[in-house]
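# Chain and residue survey
Letter by letter, the chains look like this.
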Amino acid sequence: MCTTCGCGHSGPHMHEHVDADGNVTLTVHDHDHDHDHGHTHDHEHAHAHPHDHSHGHDHPAHSHDADMSAGRAISIEEDILARNDAVAAKNRALFAKLGALALNLVSSPGSGKTELLCATLKALSDVPTMVIEGDQETDNDADRIRATGTRALQINTGKGCHLDAAMIERALDALPPAEHSIVFIENVGNLVCPAEFDLGEAHKVAVLSVTEGDDKPLKYPDMFRASDLVIINKIDLLPYVRFDAERAAANVLRVNPRAKVLQLSATTGEGLEKWLAWVKAQLVLASL
């Protein structure tokens, strides 16, 4: 069951916990539904809606209820996304007021988003930064981020498969960003649902590791179509895996000709300078 998509359409309830060190964790609780749906996707939770649409909001019906009409399903989905987009606009206005850059990092589980963030934060030690971490459970990734000396807030989505704008709004209230800072949002590992939900970010950044298939952009086109930058990560492993980086890049451009594609290794640092240059350039634009 997904508590933040169509089958949790009244919105999640969030509990805030502050530990002895002042670290904040927001946990999503479903207070309307506690039932399972017999549908699956190829990601972290048992939930499928056959998205065949990009962020333009021309949405087909979900199959959440066999007795629900297609028109009713579309109406519910459009209402969810309209309410989400209204909050995302508020988040975006806050970032603009602060001259802050917000980046939404998306990928399947295990792509190396957190390792990339840790390497990035260490390299950007002269820039004010903060991280909003999204996972179904645990504070593990937020703890890794805090170990770099960066402020971080953990959102645990429970059965939810993605972050939404209301969660980010709550996070920004609990951990306000500084002026001219970079707010990194690490979304829940999932190549489907996060494509649909605007958080108020300037850019979605998709991370694809060489341990995945080079056809992923073709299999999950909505996510790569929604991303302005695609990072092919873990290139230090290329000699040991059957992954064609050039084919992967071509597949990205096939579904999204406007995307920029970078290759790097967050572990060794190879290619990291191009990513850092891109981030700094986007911060300059956000600060204007």
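Everything numeric here is computed off the predicted structure, so don't read it as measured data.

### Considering the confidence of the model for the chain
With 81% of its residues at a pLDDT of at least 70, the chain reaches an overall mean of 87. Predicted confidence for residues 31-64 stays below pLDDT 50, and this span has 98 contacts to residues more than four positions away or in other chains.

### Structural notes on the packing of helix α2 (residues 113-123) against helix α8 (residues 272-287)
Two elements in contact, α2 and α8, have axes separated by 11 Å at closest approach and are oriented at 70 degrees. If you check the angle between α2 and α8, you find them roughly perpendicular. Judged by the twist between their axes, the crossing of α2 over α8 is right-handed. Residues L116, A119, T120 and A123 of α2 form the contact with α8, whose participating residues are L272, W275 and L276.

### Focus on the pattern of salt bridges
Under the counting rule described, the total for this entry stands at 13 salt bridges. For the salt bridge of R83 with D79, the shortest nitrogen-to-oxygen distance reads 3.1 Å. Of the two residues, R83 and D79 are both situated in helix α1 (residues 70-98); the distance of four residues between them amounts to about one turn of the helix. Since its relative accessible area comes to 40%, D79 is described here as partly exposed. With a shortest N-O distance of 2.8 Å, R92 and D198 are connected by a salt bridge. Of the two residues, R92 is situated in helix α1 and D198 in the loop between β6 (182-186) and β7 (203-209); the sequence distance between them amounts to 106 residues. One network of salt bridges, with partners in common, ties together D214, D244 and R247.

### A word on the packing of aromatic side chains
By the definition in use, this model includes one aromatic pair. Seen from their ring centres, W275 and W278 are 5.9 Å apart, and the 15 degrees between their planes marks the pair as stacked. With W275 and W278 both in helix α8, this residue pair falls three residues apart, about one helical turn. There is no split in this pair, since W275 and W278 are both buried.

### Some points on the environment of T120
Mapped onto the fold, T120 is located in helix α2. Given a relative accessible area of 0%, T120 falls into the buried group. Residues within four places of T120 in sequence aside, it is in contact with F184, L272, W275 and L276.

### Side note on the sheet that holds β6
The nine strands lie next to each other as β1-β2-β5-β4-β6-β3-β7-β8-β9, forming an open sheet whose pairing is mixed. Looking at the sheet topology across the chains shown, the edges are occupied by β1 (13-18) and β9 (260-263). Each strand of the sheet is rotated relative to its neighbour by a mean of 20 degrees, with strand direction disregarded. Looking at chain direction, β1 and strand β2 (residues 24-29) are connected through six bridges and run antiparallel. Looking at β2, one finds that M14 is bridged to V28. Taken strand by strand, α2 contacts β3 (101-107), β4 (129-135), β6, β7 and β8 (229-233), and its axis lies near 165 degrees from that of β6.

### Comments concerning the nonpolar core
By size, the foremost hydrophobic cluster in this structure holds 29 residues, and its most contacted members are L103, L116, I182, F184, W275 and V279. Elements with a minimum of two residues in this core: β3, α2, α3 (140-146), β6, β7, β8 and α8. Discounting chain neighbours no more than four positions away, the residues touching I182 are L101, L124, V127, P128, T129, M130, V279 and L283.

### Considering unusual backbone geometry
Its identity as a non-glycine residue notwithstanding, H180 has a phi of 55 degrees, on the positive side. Looking at the element boundaries, H180 is found in the loop between α4 (165-174) and β6. Given the relative accessible area of 39%, H180 is considered partly exposed. Unlike most non-glycine residues, K234 shows phi in positive territory, near 70 degrees. Looking at the secondary structure, you find K234 in the loop between β8 and α7 (245-255).

### Side note on the environment of A166
When you line up the elements, A166 lands in helix α4. In sequence terms A166 and N91 are 75 residues apart; their C-alpha atoms lie 8.9 Å from each other.

### Topic: the side chain of N91
Within the secondary structure layout, N91 lies in helix α1. Owing to a relative accessible area of 2%, N91 belongs among the buried residues under this scheme. Within the structure, the side chain of N91 is placed 3.0 Å from the backbone oxygen of L199, a separation counted as a polar contact. Dropping the residues within four chain positions of it, N91 is found in contact with A165, I168, E169, L172, L199 and G200.

Parameters at a glance
Residues numbered from 1 in each chain as written. Predicted model: local features only at pLDDT ≥ 70, side-chain atom pairs only at ≥ 80, totals over all residues. Heavy atoms only, no water. pLDDT = per-residue confidence, 0-100. Contact = heavy atoms within 4.5 Å. Axes fitted to C-alpha atoms, helices over the stretch in contact; angles between N-to-C directions. Helix = DSSP H or I, 4+ residues; strand = E, 2+ residues; numbered from the N terminus. Parallel < 35°, antiparallel > 145°, perpendicular 65-115°, else oblique. Left-handed = near helix turned anticlockwise from the far one by under 90°. Salt bridge = Lys/Arg side-chain N within 4 Å of Asp/Glu carboxyl O. Buried < 20%, exposed > 50% of the residue type's maximum accessible area, 1.4 Å probe, protein only. Phe/Tyr/Trp six-rings, centres within 6.5 Å; stacked < 30°, edge-to-face > 60°. Pairing = 2+ DSSP bridges. Core = buried A, V, L, I, M, F, W, Y, C linked by side-chain atoms within 4.5 Å. Polar contact = N/O pair within 3.5 Å; in protein donor to acceptor, adjacent residues only side chain to side chain.

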